[in-house]
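Now for the letters of each chain:
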Amino acid sequence: FWADFVPITDQINRYEASHLDGLHFGLLLGIPLTIMACLGIGVTFWPRLRPYPSQALATGLTVWLGVMSAAALINPLPWQRYYLSLIPVMSLLAGIGLWALFRRMQQLHRKSGIDFVDSSAA
């Protein structure tokens, strides 16, 4: 609704023209990172899959995500640039999801007994 509100659109344009507006990868990187973060959230709730043993760390990440999400959703300000506080926790969760996926692939590789690297070629 603020698309025609000049002070806000000027503010958005200044922010996007600055060097502080972040890196833009679009859907090419956004979708895989979102999928990995969702996987990380799932892994955090499933102790057997966690790449770390600490329940306290899992609880801390979940609380951090919940507080940051709630703050972004209940923010009454018209321009929702306040989602930026979600970036650190979502990055950690994406890393956890990627690590859990990597560990699972390693386990499947060990179970299959297939050697993908030809050690005799060296």
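See the structure above.
Our subject in this report is the structure included herewith. Bear in mind that the values here come from a model prediction, so they are computed numbers and not experimental data.

Procedures and definitions
Residues numbered from 1 in each chain as written. Predicted model: local features only at pLDDT ≥ 70, side-chain atom pairs only at ≥ 80, totals over all residues. Heavy atoms only, no water. Helix = DSSP H or I, 4+ residues; strand = E, 2+ residues; numbered from the N terminus. Buried < 20%, exposed > 50% of the residue type's maximum accessible area, 1.4 Å probe, protein only. Contact = heavy atoms within 4.5 Å. Axes fitted to C-alpha atoms, helices over the stretch in contact; angles between N-to-C directions. Parallel < 35°, antiparallel > 145°, perpendicular 65-115°, else oblique. Nonpolar A, V, L, I, M, F, W, Y, C, P; charged D, E, K, R; others polar. Core = buried A, V, L, I, M, F, W, Y, C linked by side-chain atoms within 4.5 Å. Expected span 1.5 Å × (residues − 1). Patch = residues over 30% accessible without salt bridge, like charges linked within 9 Å, V, L, I, M, F, W, Y side chains within 5 Å. Areas by Shrake-Rupley, 256 points an atom, 1.4 Å probe, with all protein chains shown as cover. Salt bridge = Lys/Arg side-chain N within 4 Å of Asp/Glu carboxyl O.

1. What to know about the overall build of the protein
Item 1. For the protein, the count of helices and strands is 4 helices and 0 strands.
Item 2. The secondary structure elements of the protein, listed N-terminal to C-terminal, are α-α-α-α.
Item 3. Across the 122 residues of the protein, 20% fall into the buried class.
Item 4. For the protein, long-range pairs separated by at least 24 residues make up 63% of all intrachain contacts whose partners lie at least 6 apart in sequence.

2. Concerning the packing of helix H2 (residues 26-45) against helix H4 (residues 87-112)
Item 1. Put simply, H2 and H4 touch, their axes get as near as 6 Å, and they point 80 degrees apart. With respect to H4, the element H2 is oriented roughly perpendicular. Within the contact between the two elements, H2 uses Leu33, Met36, Ala37, Leu39, Gly40, Ile41, Val43 and Thr44 and H4 uses Met90, Leu93, Ala94, Ile96, Gly97, Leu98, Ala100 and Leu101.
Item 2. Residue classes in the contact of H2 with H4 are distributed as 13 nonpolar, 3 polar and no charged.

3. With respect to the nonpolar core
Soluble, globular proteins show a tendency: their nonpolar side chains are buried together.
Item 1. Within the largest apolar cluster, 12 residues are counted, these being Met36, Ala37, Val43, Leu61, Leu65, Met68, Leu86, Val89, Leu93, Ala94, Ile96 and Ala100.
Item 2. Of all elements in the fold, only H2, helix H3 (55-74) and H4 reach the threshold of two or more residues within this core.
Item 3. Counting residues per element, this core draws most heavily on H4, which supplies 5 residues.
Item 4. Each residue touching Leu65, except ones within four places of it in the same chain, is listed here: Ile41, Leu86, Val89, Met90 and Leu93.

4. Quick look at H3
Item 1. For H3, built from 20 residues, the straight-helix expectation of 28 Å at 1.5 Å per residue is met to within 8% by its first-to-last C-alpha distance of 28 Å.
Item 2. Taken together, the buried residues of H3 touch H2 and H4.

5. A short note on a nonpolar patch on the surface
Item 1. Together, Leu39, Leu98, Leu101 and Met105 line one region of the surface with nonpolar side chains, adding up to about 350 Å² of accessible area.
Item 2. Here the nonpolar patch gets 3 residues from one element, more than from any other, and that element is H4.
Item 3. With respect to the helices and strands, the residue Leu101 is situated in helix H4.

6. Structural notes on H4
Item 1. Given a rise of 1.5 Å per residue, 26 residues ought to cover 38 Å, and the 37 Å separating the end C-alpha atoms of H4 matches this to within 8%.
Item 2. Buried residues of H4: Val89, Leu93, Ala94, Ile96, Gly97 and Ala100, and no others.
Item 3. In the segment just after H4, Gly113 is the residue with positive phi, at about 75 degrees.

7. Concerning the environment of Ile96
Item 1. If you trace the backbone, Ile96 turns up in helix H4.
Item 2. C-alpha separation for the pair Ile96 and Arg50, spaced 46 residues apart in sequence, amounts to 7.9 Å.

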